[in-house]
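As a plain string of letters, each chain reads:
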Amino acid sequence: MKNSPATWLCVAVAGVGRRPYTDAMIRALSLHPSHVEAGARLGSRGGAEVVLGFTAATAEYRMLQAAVGVADRSYRAVLWIHGPEAKSYLHGLVTNDVKGVPPGQGNYTSVINARGKMLGDGRLLVLTEDEVLLDLEPEAREQTVAHLQQLLISEDCELDDVTGAWVILGAYGPRAGEAIARLLGAPPPPLALHAHLRVEVDGLGVFLVGASPAGIDGYEIVVAADAAAGIWEQLSAAGVELGGGRVGEEALDAARIHHAIPRYGSEMNDATIPLEANLEKAISYTKGCYVGQEVIAKATYRGQVRRKLARLEVPIGAVAGASLLDGERVVGSLASVLDPDPAGGQPIALAYVRPDRLSLGNRLAIEGGGEAIVTWAPPPKE
């Protein structure tokens, strides 16, 4: 493994992040001092520190739409699976293809249990034929690691939880490519979603990844934690020069809700079946057997899901968890509410609703008062 691409990013990953943690033990971001100095509003999620924002969410949302938003997404958990059987091992434990993905490519996948319920979802990057990275939401870290470790029996590979050893920095928006160009000293190559390659910044090897975590296209850089500060400052400065700047999770969360993209720990948890959350792109129907496949197959081919995620317009004051009613019958519930909406206008929400109530424009009463209007729903199964 001495010539592994992973060694370009981190020298001593063995054992990093293996200690369990609780919400009372918050994992600080590597760039915490820089964020504090910049006046960031900080919070936590799933035992990890997150940057909520640097200024008003409305201003940061405009940066993402009109220029470029630069974000620190290092709160995400990162797993490194390596060894001769790394791909075949993971292939049987996630919903998307692994064996057929060549080095330099990746995909979006989910980890489910034998009952088809989600333990997490994340981005899978194939570094080499013997190495795979999987990054996922912090809320999914412990249960995903436990599940994968339990099923790592005789395969010739290892699973290392390297959370915190690598930093993930993103640039998103119409001028994201220009921001990366200023960092690299040359225009970046066009990268499809999840495609990645090794590049150098000031002589340091990093990974450049095509990314769109909130429905806004851009790039992400994966770099060793001890080398991230300089890159973050350069990328932040480039963002400001291009009419954008640093953004936090509040603005990114608003963008993903507008694009009806669910997030584990918010709209998804260990009671969710991937198809309920419209995660068809995370599922391969040709890869062969994997844990939980039978449940997914039945739900797909029989069309038997009791609820689907949709986007609704809701009144001011609507709260997550409120039931949606058709007459006196409960037909859904609000999962996330964006109130106020930094894009302006009426608040919006993501909600789970019975499929037969998901016609556009359909109006549903909200428990406690008010009315929701369906503004986006997944297309019906053909």
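Everything below is about the structure printed above this text.
A brief look at the structure comes next. (Residues numbered from 1 in each chain as written. Predicted model: local features only at pLDDT ≥ 70, side-chain atom pairs only at ≥ 80, totals over all residues. Heavy atoms only, no water.)

## Details of the sheet that holds strand β18 (residues 363–366)
- One closed barrel accounts for six strands, arranged β14-β17-β16-β15-β18-β19; its pairing is antiparallel. Averaged over all pairs of adjacent strands, the angle between their axes in this sheet comes to 45 degrees, without regard to strand direction.
- Summarising the sheet, β18 and strand β19 (residues 371–376) pair through three bridges and their orientation is antiparallel. Opposite Ala 365, over in β19, you have Glu 371 as the bridge partner.
- Set on the sheet, helix α8 (residues 249–258) makes contact with β14 (308–313), β16 (329–338) and β17 (348–353); between it and β16 the angle comes to about 145 degrees. (Pairing = 2+ DSSP bridges. Helix = DSSP H or I, 4+ residues; strand = E, 2+ residues; numbered from the N terminus. Axes fitted to C-alpha atoms, helices over the stretch in contact; angles between N-to-C directions. Contact = heavy atoms within 4.5 Å.)

## Some words on the nonpolar core
- Grouped together as the largest cluster of nonpolar side chains are 58 residues, with contacts concentrated most on Leu 79, Ile 81, Tyr 89, Leu 90, Leu 124, Leu 148 and Met 268.
- In terms of residues, this core owes the most to one element, α8, which gives five residues.
- If we ignore the near neighbours within four places in the chain, the residues touching Leu 90 are Ile 81, Val 98, Leu 124, Val 132 and Leu 148.
- One finds Ala 40, Ala 48, Val 199 and Leu 208 within the second-largest nonpolar core, a separate group that totals 30 residues. (Core = buried A, V, L, I, M, F, W, Y, C linked by side-chain atoms within 4.5 Å. Buried < 20%, exposed > 50% of the residue type's maximum accessible area, 1.4 Å probe, protein only.)

## What to know about the state of the cysteines
- All chains considered together, the criterion is met by zero disulfides.
- Between Cys 157, a free cysteine, and Cys 289, which holds the nearest cysteine sulfur, the sulfur-to-sulfur gap is 19 Å.
- In this structure Cys 157 comes out as buried when scored by relative accessible area, which is 9%. (Disulfide = S-S within 2.5 Å.)

## As for the sheet that holds strand β9 (residues 166–172)
- Judged by pairing direction, the sheet is mixed, and its six strands sit side by side in the order β10-β11-β12-β9-β3-β13 without closing on themselves. A strand with exactly one partner marks an edge of an open sheet, and here the two such strands are β10 (196–201) and β13 (245–246).
- Looking at chain direction, strand β3 (residues 69–72) and β13 are connected through two bridges and run parallel. Looking across to β13, one finds that Gly 69 is bridged to Gly 245.
- Packing of helix α6 (residues 176–184) onto the sheet brings it into contact with β9, β10, β11 (204–211) and β12 (218–224), and relative to β12 it is tilted by some 35 degrees.

## Thoughts on the packing of helix α3 (residues 57–66) against α8
- Packing of α3 against α8 leaves a shortest axis separation of 8 Å and a crossing angle of 60 degrees. Considering the angle they form, α3 stands oblique to α8. For the element pair α3 and α8, the recorded crossing hand is right-handed. On α8, the residues that touch Ala 57, Glu 60, Tyr 61 and Leu 64 of α3 are Glu 250, Ala 251, Leu 252, Ala 254, Ala 255 and His 258. (Parallel < 35°, antiparallel > 145°, perpendicular 65-115°, else oblique. Left-handed = near helix turned anticlockwise from the far one by under 90°.)

## Quick look at α3
- Buried within α3 are the following residues: Glu 60, Tyr 61, Met 63 and Leu 64. The buried residues of α3 occupy an angular sector of 150 degrees when the element is viewed end-on, so they sit on one face. Opposite the buried face of α3, by more than 90 degrees, sit the exposed residues Arg 62 and Ala 66.
- As for α3, its buried residues are in contact with β2 (48–53), β3, β9, β13 and α8. (Arc of directions from axis to C-beta.)

## Some words on the pattern of salt bridges
- In this structure the tally under the stated criterion is 26 salt bridges.
- Notably, a salt bridge pairs Glu 137 with Arg 45, separated by 2.5 Å at the nearest N-O pair. On the criterion of sequence distance, the pair formed by Glu 137 in the loop between β7 (131–136) and α5 (141–150) and Arg 45 in strand β1 (residues 41–45) is long-range, its members being 92 residues apart.
- In this structure Glu 137 comes out as buried when scored by relative accessible area, which is 7%.
- One salt bridge connects Glu 137 with Arg 76, and the closest N-O pair in it is separated by 3.0 Å. Of this pair, Glu 137 sits in the loop between β7 and α5 while Arg 76 sits in the loop between β3 and β4 (77–82), and the two are 61 residues apart along the sequence. In terms of burial, Glu 137 and Arg 76 fall into one category: buried. (Salt bridge = Lys/Arg side-chain N within 4 Å of Asp/Glu carboxyl O.)

## Notes on the packing of aromatic side chains
- Per the counting criterion, the structure on display carries one aromatic pair.
- Aromatic pair Trp 80 and Trp 166: ring centres 6.4 Å apart, planes at 50 degrees, arrangement tilted. Here the residue Trp 80 occupies a position in strand β4, and Trp 166 occupies one in strand β9, the gap between them amounting to 86 residues.
- Given a relative accessible area of 7%, Trp 80 falls into the buried group.
- Residue Trp 166 is classed as buried on the basis of its relative accessible area of 2%. (Phe/Tyr/Trp six-rings, centres within 6.5 Å; stacked < 30°, edge-to-face > 60°.)

## Observations concerning the pairing of strand β6 (residues 118–128)
- For β6, the tally of buried residues reaches 10 of 11 residues, placing the bulk of the element in the interior.
- Two strands pair when backbone bridges link them, and strand β5 (residues 106–112) and β6 are joined in this way by seven bridges, in the antiparallel orientation. Within β6, the residue paired with Ile 112 across the bridge is Met 118.
- Taking the residues between adjacent antiparallel strands as the criterion, β5 and β6 are bridged by five residues, where Gly 116 takes a positive phi near 80 degrees.
- In this structure, β6 lies alongside β7, joined through six bridges in antiparallel fashion. In the strand pairing of β7, Gly 122 is matched with Leu 136.
- The hairpin formed by β6 and β7 contains two residues between the paired strands.

## Regarding the packing of α6 against helix α7 (residues 228–241)
- Put simply, α6 and α7 touch, their axes get as near as 9 Å, and they point 135 degrees apart. With respect to their mutual orientation, α6 and α7 come out oblique. Once α6 is placed against α7, the crossing between them reads as right-handed. Counting all contacts with α6, which are made through Ala 179, Ile 180, Arg 182 and Leu 183, the residues of α7 involved are Ile 231, Gln 234, Leu 235, Ala 238 and Glu 241.
- Looking at side-chain class alone, the contact of α6 with α7 contains six nonpolar, one polar and two charged residues. (Nonpolar A, V, L, I, M, F, W, Y, C, P; charged D, E, K, R; others polar.)

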